[in-house]
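As a plain string of letters, each chain reads:
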Amino acid sequence: MTSKLKFPGMKKAVVLLFAVVLAVNVSTAQTIADGIKLLNYGKNKSAADGLKKIYDANSKDPQNIYWYGQALLAQDDVKGAKALYQKALQEGVNDPFVLVGMGHVELLEGGDLNSAKQKFEQAITMSTETKGKNKNKPNASVLNAIGRANADGGSKIGDPVYAIDKLKQAAALDLTNPDIYINIGVNYLKLGGENGGEAVKAYQEALTRDPKNARAMYSIGKIYQSQNNPDVFNQHYTSAITADPTFAPVYYSLYNYYSNRDVNKAKENLEKYVQYADKECATDYLYADYLFRAGKYQESLEKAKAMETGECKTYYQTPLLFVYNYDRLGDSIQAKSYVEKYFASVPKNKIVADNYDIAVRVLSKIAGSEQTAIDYLKLAIAGDTSVNNKSVYMNQIADLYGKLKNSTEQINWLQQSIQLKGGSMTEADYYKISDNLLKAKDYAGAMAFSQKYMQAFPTKPQPYYFNVRAAKALDTTSNPGIAVEALNQQNDYLAKDSIVANVEKNKKLIFNNYYYLLKYYNDVAKDVPKAIEITDKMLALYPNVGGEENTFATQTKDALIKSTKPQPAAQKPAPKAPPTKKPGK
């Protein structure tokens, strides 16, 4: 097995009216080959039990040591595996596989990558043939073990590029082992979702070596499931089941997929998973998960409490059961306490996207918890290789900063999300940034960005609106008249809008803009002819005599014209300014 079977967090509830089958197909390894198969099938407990018996029978055999250690790692017992490999080295079992095992442990502990690579290279040197037809050729199984070690864990663990190189060497030396190409596929996926095509090719190569390899078929299906392509992933999952009906992981993936889509299919796949998977904490968790999805929140909580006080009290997923159920029952305080417990104890390589989603959902309901939610999302960004997921997290951070009324940080994270996607912006992106630049009182920035918004979406009203608001905010004694161009731009746009429903609304907006310009030209610029020109535009907009707008424009124009004529010496000069109140005020 390349990496441990991971069970993602719960999704939406779905009512499943059936009794969960708890019968488990228990089997243990009789040989190392049996143990490897169990690991590949996600039956880590059975594999560990069987491989321990083999190890106990001959604790000096390097293969026994290596594979028992791999079974311990599959159960997240890194300390146990480390002690096992160290004991072997101390007792003189200085074997390439034991060295690879130690390097594997070092990677999972987050140790020095170069130190682990030194152990891998030492193992390669030790296993390189010195004579015969394979002289100067490294051992393919050792190379495969190195690839397996780097494939394990999260995206930040190991060096997948280094691993792929070693695995390709192994594939050229060993022309039959399909696991080599499966490990290549996993390492490609660790490089990011954009390498899914290369991973599929690797899994297909595994199938050329073993046409009935259920794990390779399932792995291809998982890639298409991540792309939400049910027609294709169902095809590959069906092939995996046909190849081996006892391959449990495929039933788990199908259960998760159908749990909120098709009650009958969800029921069928859950029963199959429980039938063929190991009976361990993961299956107990799944049963409690089912109860939650079925809307049986109190029963799910009771199951979670039993796990918390029993053999599964240290199982990393158990706190999530409390989080989901308390959140659904409306107890945000309890849900928050278990969110904190979960993230304080769970290994980072076990955290999946759904875990961050529920944490943010819970914390967003509690005032004062926004910064904690932001911190979790930053961890999500650091641990995820998917550009799309990172962008979603960044937008969530931006929304949380919006709740904190920190527009500067909100803009920063929105822009980071846009840059991550290659600079391609939706209208929603333009709107959010323009709006937040205004909230941050960066009026010059808002005007500059509004111009870009106009160029990208010239037929939308929002960029003109933002531009005018920012310009008016800047239109003070230090920037007189800066709003004139923005108002004219908006008027030109509104005048082109021929939608009948907007004609009257647009006329009022244009008129209000003219009023602003009128005051500017008369009061600030002292340009009476320009002010008179504005009143003419008002009259063209509202030509019907007697109307409020027409009356205002007519009277104002008359007053402005009088102000330009010489006044008799005995008479007082006529007022220059137009009435201070516009129609409707």
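The structure we're discussing is the one just above.
Attention here is on the structure that accompanies the text. What you are looking at is a predicted structure, and each value in this text was computed from that prediction instead of being measured. (Residues numbered from 1 in each chain as written. Predicted model: local features only at pLDDT ≥ 70, side-chain atom pairs only at ≥ 80, totals over all residues. Heavy atoms only, no water.)

Evaluated as defined, the whole model comprises 25 salt bridges. Residue Asp429 pairs with Lys421 through a salt bridge whose shortest N-O separation is 3.9 Å. We note a salt bridge from Asp523 to Lys519, for which the minimum N-O separation is 3.4 Å. Of the two residues, Asp523 and Lys519 both sit in helix H27 (residues 500–524), four residues apart, roughly one turn of that helix. Looking at Asp523, the relative accessible area reads 30%, which means it is partly exposed. Linked through salt bridges whose partners overlap, the residues forming this network are Lys60, Lys87 and Glu91. (Salt bridge = Lys/Arg side-chain N within 4 Å of Asp/Glu carboxyl O. Helix = DSSP H or I, 4+ residues; strand = E, 2+ residues; numbered from the N terminus. Buried < 20%, exposed > 50% of the residue type's maximum accessible area, 1.4 Å probe, protein only.)

Within the secondary structure layout, Gly154 lies in the loop between helix H7 (140–151) and helix H8 (160–173). A C-alpha to C-alpha distance of 10.0 Å links Gly154 and Pro347, two positions 193 residues apart in sequence.

Scanning the model with the defined rule gives one disulfide in all. There is a disulfide in this structure between Cys281 and Cys312, and the S-S distance comes to 2.1 Å. The S-S bond linking Cys281 to Cys312 shows a torsion near -100°; that makes this disulfide left-handed. Of the two residues, Cys281 sits in helix H15 (residues 281–293) while Cys312 sits in the loop between helix H16 (297–309) and helix H17 (318–328), which places them 31 residues apart along the sequence. Assigned by exposure class, Cys281 and Cys312 land together as buried. (Disulfide = S-S within 2.5 Å.)

Quick look at the packing of helix H23 (residues 427–439) against helix H24 (residues 443–456) now. With their axes 8 Å apart at the nearest point, H23 and H24 run at an angle of 160° to one another. In terms of their interaxial angle, H23 and H24 are classed as roughly antiparallel. Note on packing geometry: the crossing formed by H23 with H24 is left-handed. Contacts between H23 and H24 pair Glu427, Tyr430, Tyr431, Ile433, Ser434, Leu437 and Leu438 from the former with Tyr443, Gly445, Ala446, Phe449, Ser450, Lys452, Tyr453 and Ala456 from the latter. Among the residues making up the contact of H23 with H24, the classes are represented as 10 nonpolar, three polar and two charged. (Axes fitted to C-alpha atoms, helices over the stretch in contact; angles between N-to-C directions. Parallel < 35°, antiparallel > 145°, perpendicular 65-115°, else oblique. Left-handed = near helix turned anticlockwise from the far one by under 90°. Contact = heavy atoms within 4.5 Å. Nonpolar A, V, L, I, M, F, W, Y, C, P; charged D, E, K, R; others polar.)

This part covers the side chain of Asp95. As for its position among the elements, Asp95 is in the loop between helix H4 (78–90) and helix H5 (96–108). For Asp95, which is buried and forms no salt bridge, the nearest opposite charge comes from Lys60, at a distance of 13 Å. In this structure the side chain of Asp95 is engaged in a polar contact, spanning 2.8 Å, whose partner is the backbone nitrogen of Phe97. Residues in contact with Asp95, not counting those within four places in the same chain, are Pro62 and Met126. (Lys, Arg positive; Asp, Glu negative; His and termini not counted. Polar contact = N/O pair within 3.5 Å; in protein donor to acceptor, adjacent residues only side chain to side chain.)

Moving on: the side chain of Asp174. Within the secondary structure, Asp174 sits in the loop between H8 and helix H9 (179–190). An unpaired buried charge is present at Asp174: no salt bridge exists, and Arg209, the closest side chain of opposite charge, is 4.5 Å distant. Within the local environment of Asp174, its side chain forms a polar contact with the backbone nitrogen of Asn177, the two atoms lying 3.2 Å apart. In contact with Asp174, other than residues within four places in its own chain, are Ala140, Ile180 and Arg209.

With 14 residues, H8 should reach 20 Å at 1.5 Å per residue; the first-to-last C-alpha distance of 20 Å fits that figure. Those residues of H8 not exposed but buried are Pro160, Tyr162, Ala163, Ile164, Lys166, Leu167, Ala170 and Ala171. Those residues of H8 that are buried lie in contact with helix H6 (113–127), H7, H9 and helix H10 (196–209). By the N-cap criterion, in which a side-chain oxygen at the helix start approaches the backbone nitrogen of a residue two or three places on, H8 is capped by Asp159, the distance to Val161 being 3.2 Å. (Expected span 1.5 Å × (residues − 1).)

Moving on, we come to the packing of H17 against helix H18 (residues 332–345). Contact geometry of H17 with H18 gives a least axis separation of 8 Å together with a crossing angle of 160°. The orientation of H17 with respect to H18, classified from their angle, is roughly antiparallel. In this structure, H17 meets H18 at a crossing whose hand is left-handed. Residues Pro319, Leu320, Phe322, Val323, Tyr326 and Asp327 of H17 form the contact with H18, whose participating residues are Gln334, Ala335, Tyr338, Val339 and Tyr342. Classifying every residue of the contact of H17 with H18 by side-chain character gives nine nonpolar, one polar and one charged.

This part takes up the packing of aromatic side chains. Tallied over the entire structure, the rule returns 35 aromatic pairs. Here the aromatic rings of Tyr218 and Phe247 are separated by 5.4 Å at their centres, their planes lie at 65°, and the arrangement is edge-to-face. In this pair, Tyr218 sits in helix H11 (residues 214–226) while Phe247 sits in the loop between helix H12 (230–243) and helix H13 (248–258), placing the two residues 29 residues apart along the sequence. For the pair Tyr218 and Phe247, one class covers both residues: buried. Put simply, the rings of Tyr41, Tyr218, Phe233, Tyr237, Phe247, Tyr257 and Tyr258 touch in pairs and so form one group of aromatic residues. Arg261 extends its terminal NZ or CZ atom over the ring of Tyr257, reaching a point 3.8 Å from the ring centre. Over the ring of Tyr542 we find Lys507, and its NZ or CZ is 4.6 Å from the ring centre. (Phe/Tyr/Trp six-rings, centres within 6.5 Å; stacked < 30°, edge-to-face > 60°. Lys NZ or Arg CZ within 6 Å of the ring centre and 35° of its normal.)

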